[in-house]
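Letter by letter, the chains look like this.
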Amino acid sequence: MNVVLGLCFITILLVYVTCAAPRTGPTNVLFIAIDDLRPDLGCYKGKDFPSSDDPRIHSPNIDALARKSLLLKKAYVQQAVCSPSRTSFLTSRRPDTTHVYDLHTYWRKVSGNFTTLPQYFKNHGRITAGIGKIFHSGFKDDPISWTEPYNRPDHSSYEDGKTSWMFLNDSQLANDPLVDDKIAKAAVIALQDFATGGKYANRPFFLGVGFMRPHLPFVSPEAFSHYYPASSLHLPSNPYAPINMPDAAWWKSPELISYTDISALHFQGQVNETLPDNKVRELRRAYFSAVSWVDSLVGVVLNELDRLGLSNNTVVSLLGDHGYQLGEHGMWNKHTNFELATHAPMMIRIPGLTDNGIITERVVEFVDLFPTLVDAVGLPSIPVCPENSLNVLTCTEGESLMPLVHNATAAWKHSAFSQYPRHKHGVDIMGYSLRTDKYRYTEWVEFSYQTHKPDWTRNHGTELYDHTTDPDENHNVASDLAFADLARSLSNRLHAGWRHVSPSINNPSPPIVG
């Protein structure tokens, strides 16, 4: 009897120790968001690089991070403009659920009181701190998401929005530092709070760091322009609208036109109207220089994470909030459903799992990030949203990417969904776009802001681009009879929506955690 009781006691003790043992994986998250960054990075060079016309990009720090990360070569945003995209990936819900399609609408007022990514970490005992641009500026940075007062440094006088680009010398920078320099320094101080001797030492954290460049105006230190001599700069090889492009797909680039040096050129952003060649080269050089400037600041933050001994316990997520157009198709900025606007960089470093680097070509979406970071640090997994989730505080319309961490070629959803609104001739239109591994298919249909649903029967234009032969999306083949069967199949898939390609809904399995 005593032996049996002893064995029972040992068994109970082992179960207790196993259940009570601390988690050995990472517990912290460093979340880095970069405004208007398309995949112009060294780590994307090849078929997933934005354009063969772009120069070799100097991005050593982000490239080094990518070599220790899950690098998602085909990641797509749900709407290619700041606030709708950020609202979507920070709540893990799509624009037709958040009801955020512009820069002014706050999801908590128009749809539901949805839990955000940092708020979820806060609710599970993390210190959450934000610096720079994480949420779009119009929401007062969503105070409920943070345990710490939000830190949004002021812009310098050089970033006042009057001129589209500027290179600054050391004297100018010393007298009036750029906002991203302030953000990086604030991030260093915040990390020190979590290190040994800091006020939050040994407390798990979620730190959001949002850099402003390469968003317009393209302002950066002069030194970074030296990476892009005139000989490396090329004009886009496709400065014209796609053949057979529907009118609804066009964007007049008003964001760029608002700058005085651009408006002085009387550029109107009409179809097949282009800026002077010298101005195109200037803008492209300034954008690439701003990318390299921000890369250096990412290096400052990551080096401090290493120096403080926090790297081995911290998941690092880095992304651009959407893509960007730099004169391709004669368009600038984002605001479209084209590849350059919807395709954005995303990488996730998970210590112990991605140390040797993992590259996947699977099509993924930005709504997938929230559940992934939750799983990566071992918090309770996020359930998939029901059809109507307006009263559900926490759920996802994406998929955890952890299966791709364990197998980069794992069976996965075969489509990404994006959208963009238009108002044409007094009619509200929504462009819904589907991206598969080989094709982009888009329908521009009438849309109701009362029901937040499309009317697929009222079509104002269809697009189909074959990325195997037309990676720059120059020839719309939607009306080509040779593609008729394919177009019908993609149309059915687009109308069926994301739920019909969701592995969680169609092939549910236990969540995979780090």
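Residues numbered from 1 in each chain as written. Predicted model: local features only at pLDDT ≥ 70, side-chain atom pairs only at ≥ 80, totals over all residues. Heavy atoms only, no water.

Peer 1: I'd like to hear about the overall build of the chain, residue by residue, with values.
Peer 2: Scanning the chain from terminus to terminus reveals 16 helices and 15 strands. Here the C-alpha radius of gyration of the chain, 23 Å, is about what a compact globule of 514 residues would show, namely 24 Å. The principal-axis extent of the C-alpha atoms belonging to the chain is close to 90 × 60 × 40 Å. Buried positions account for 60% of the 514 residues belonging to the chain. Within the chain, counting contacts between residues at least 6 apart in sequence, those at least 24 apart form 71% of the total. As presented, the chain carries roughly 20600 Å² of accessible surface, and 54% of it is formed by carbon and sulfur atoms. (Helix = DSSP H or I, 4+ residues; strand = E, 2+ residues; numbered from the N terminus. Rg over C-alpha atoms; globule rule 2.2 N^0.38 Å. Buried < 20%, exposed > 50% of the residue type's maximum accessible area, 1.4 Å probe, protein only. Contact = heavy atoms within 4.5 Å. Areas by Shrake-Rupley, 256 points an atom, 1.4 Å probe, with all protein chains shown as cover.)

Peer 1: How would you summarise the packing of aromatic side chains if you had to cite specific residues and measurements?
Peer 2: All told, the structure shown has 27 aromatic pairs when counted by the stated rule. With 5.5 Å between their ring centres and 80° between their planes, Phe218 and Tyr287 make a pair best called edge-to-face. With Phe218 in strand S6 (residues 218-221) and Tyr287 in helix H11 (residues 277-307), the pair connects residues that are 69 residues apart, well separated along the chain. Accessibility expressed as a relative area gives 0% for Tyr287, which makes it buried. An aromatic cluster is built from Phe31, Phe89, Tyr106, Trp107, Phe121, Phe135, Trp146, Tyr150, Phe206 and Phe366, whose rings are joined through pairwise contacts. Taking the ring centre of Phe114 as reference, the NZ or CZ of Arg93 above it sits at 3.7 Å. (Phe/Tyr/Trp six-rings, centres within 6.5 Å; stacked < 30°, edge-to-face > 60°. Lys NZ or Arg CZ within 6 Å of the ring centre and 35° of its normal.)

Peer 1: Hey, could you go over the nonpolar core for me, with residue numbers and the actual values?
Peer 2: Membership of the largest hydrophobic core comes to 69 residues, with the highest contact counts inside it found for Leu30, Ile32, Ile34, Leu207, Phe211, Val298 and Met347. It is H11 that provides the largest number of residues to this core, a total of 13 residues. Excluding its chain neighbours within four sequence positions, the residues that come into contact with Leu207 are Val29, Leu30, Phe31, Ala129, Ile131, Ala187, Ala190 and Leu191. (Core = buried A, V, L, I, M, F, W, Y, C linked by side-chain atoms within 4.5 Å.)

Peer 1: I'd love a proper account of the state of the cysteines, names of residues and values included.
Peer 2: By the definition in use, this model includes 1 disulfide. In this model, Cys385 is linked to Cys395 through a disulfide, with the two sulfur atoms separated by 2.0 Å. With the S-S dihedral at roughly 90°, the linkage between Cys385 and Cys395 falls on the right-handed side. With Cys385 in the loop between helix H13 (369-376) and helix H14 (402-406) and Cys395 in the loop between H13 and H14, this pair connects stretches of sequence that are 10 residues apart. (Disulfide = S-S within 2.5 Å.)

Peer 1: Lay out the pairing of strand S12 (residues 416-424) in plain terms, naming residues and giving numbers.
Peer 2: For S12, the buried fraction is high: 8 of the 9 residues fall into the buried class. Sheet analysis places S12 next to strand S13 (residues 427-435), joined by 9 bridges and oriented antiparallel. Note that in S13 the partner of Pro421 across the bridge is Met430. Once S12 ends, the chain turns through 2 residues before running back antiparallel as S13, passing His425 with a positive phi of about 55°. (Pairing = 2+ DSSP bridges.)

Peer 1: Which residues make up the layout of surface pockets, and what values do they have?
Peer 2: In this structure, the largest pocket occupies an estimated 790 Å³ of space. Lining the largest pocket are 28 residues, and of these Asp96, Thr97, His452, Lys453 and Trp498 lie nearest its centre. Of all the elements in the fold, those that place two or more residues in the lining of the largest pocket are helix H4 (95-98), S12, strand S15 (453-466) and helix H15 (484-496). (1 Å grid on protein atoms, 1.4 Å probe; cavity = no way out; pocket = protein on both sides within 12 Å on 5 of 7 lines; lining within 4 Å. Points joined across faces, edges and corners; volume = space filled by probe spheres on them.)

Peer 1: Talk me through helix H8 (residues 179-194); I want residue IDs and the actual numbers.
Peer 2: The end-to-end C-alpha distance of H8, which contains 16 residues, comes to 23 Å, matching closely the 22 Å that a straight helix rising 1.5 Å per residue would cover. Inspection of H8 places Val179, Asp180, Asp181, Ile183, Ala184, Ala186, Ala187, Val188, Ala190, Leu191 and Phe194 among the buried residues, and these make up the whole buried set. Where H8 is buried, its residues contact strand S3 (127-132), strand S5 (205-211) and H11. (Expected span 1.5 Å × (residues − 1).)

Peer 1: Account for the sheet that holds strand S14 (residues 439-448), naming residues and giving values.
Peer 2: Taken together, 4 strands build an open sheet; the order of strands is S12-S13-S14-S15 and the sheet is antiparallel. Two strands bound the open sheet, and with one partner strand each, they are S12 and S15. Shown here is a sheet whose adjacent strand axes are inclined to one another by a mean of 20°, direction ignored. Strand direction decides the pairing type here: S13 and S14, joined by 7 bridges, are antiparallel. Across the sheet, Leu434 pairs through a bridge with Tyr441, a residue of S14. H15 rests against S12, S13, S14 and S15 of the sheet, and its axis sits at about 50° to S14. (Axes fitted to C-alpha atoms, helices over the stretch in contact; angles between N-to-C directions.)

Peer 1: Can you tell me about unusual backbone geometry, naming the residues and giving the values?
Peer 2: Arg213 connects to Pro214 through a cis peptide bond whose omega is 15°. In this model, Leu216 is joined to Pro217 through a cis peptide bond whose omega is -5°. With respect to the secondary-structure elements, Pro217 resides in the loop between S5 and S6. The phi dihedral of His99 is positive, around 65°, even though this residue is not glycine. Note that His99 resides in the loop between H4 and helix H5 (107-110).

Peer 1: Run through the packing of H8 against H11, naming residues and quoting values.
Peer 2: For the pair H8 and H11, interaxial distance at closest approach is 9 Å and the crossing angle is 10°. Here H11 runs roughly parallel to H8, going by the angle between their axes. Facing H8, whose interface residues are Asp180, Asp181, Ala184, Ala187, Val188, Leu191 and Gln192, H11 presents Trp293, Val294, Leu297, Val300, Val301, Glu304, Leu305 and Arg307. Looking at side-chain class alone, the contact of H8 with H11 contains 10 nonpolar, 1 polar and 4 charged residues. (Parallel < 35°, antiparallel > 145°, perpendicular 65-115°, else oblique. Nonpolar A, V, L, I, M, F, W, Y, C, P; charged D, E, K, R; others polar.)

Peer 1: An account of the pattern of salt bridges is requested, with residue identities and associated values reported.
Peer 2: Within this structure, the stated rule accounts for 29 salt bridges. A salt bridge links Lys334 to Asp36; the shortest N-O distance between them is 2.9 Å. Taken as a pair, Lys334 in the loop between strand S9 (332-333) and helix H12 (339-342) and Asp36 in the loop between strand S1 (28-34) and helix H2 (60-66) lie far apart in primary sequence, 298 residues in all. Residue Lys334 shares its accessibility class with Asp36, and that shared class is buried. Lys424 serves as the salt-bridge partner of Asp247, at 3.8 Å between the closest nitrogen and oxygen. Taken as a pair, Asp247 in the loop between S6 and helix H9 (254-257) and Lys424 in strand S12 lie far apart in primary sequence, 177 residues in all. On the accessibility criterion, Asp247 (45% relative accessible area) is partly exposed. Residues joined by salt bridges that share partners form a network here, namely Arg38, Asp40, Asp54, Arg284 and Glu328. (Salt bridge = Lys/Arg side-chain N within 4 Å of Asp/Glu carboxyl O.)

As far as function goes, none of this settles anything; it's purely spatial.
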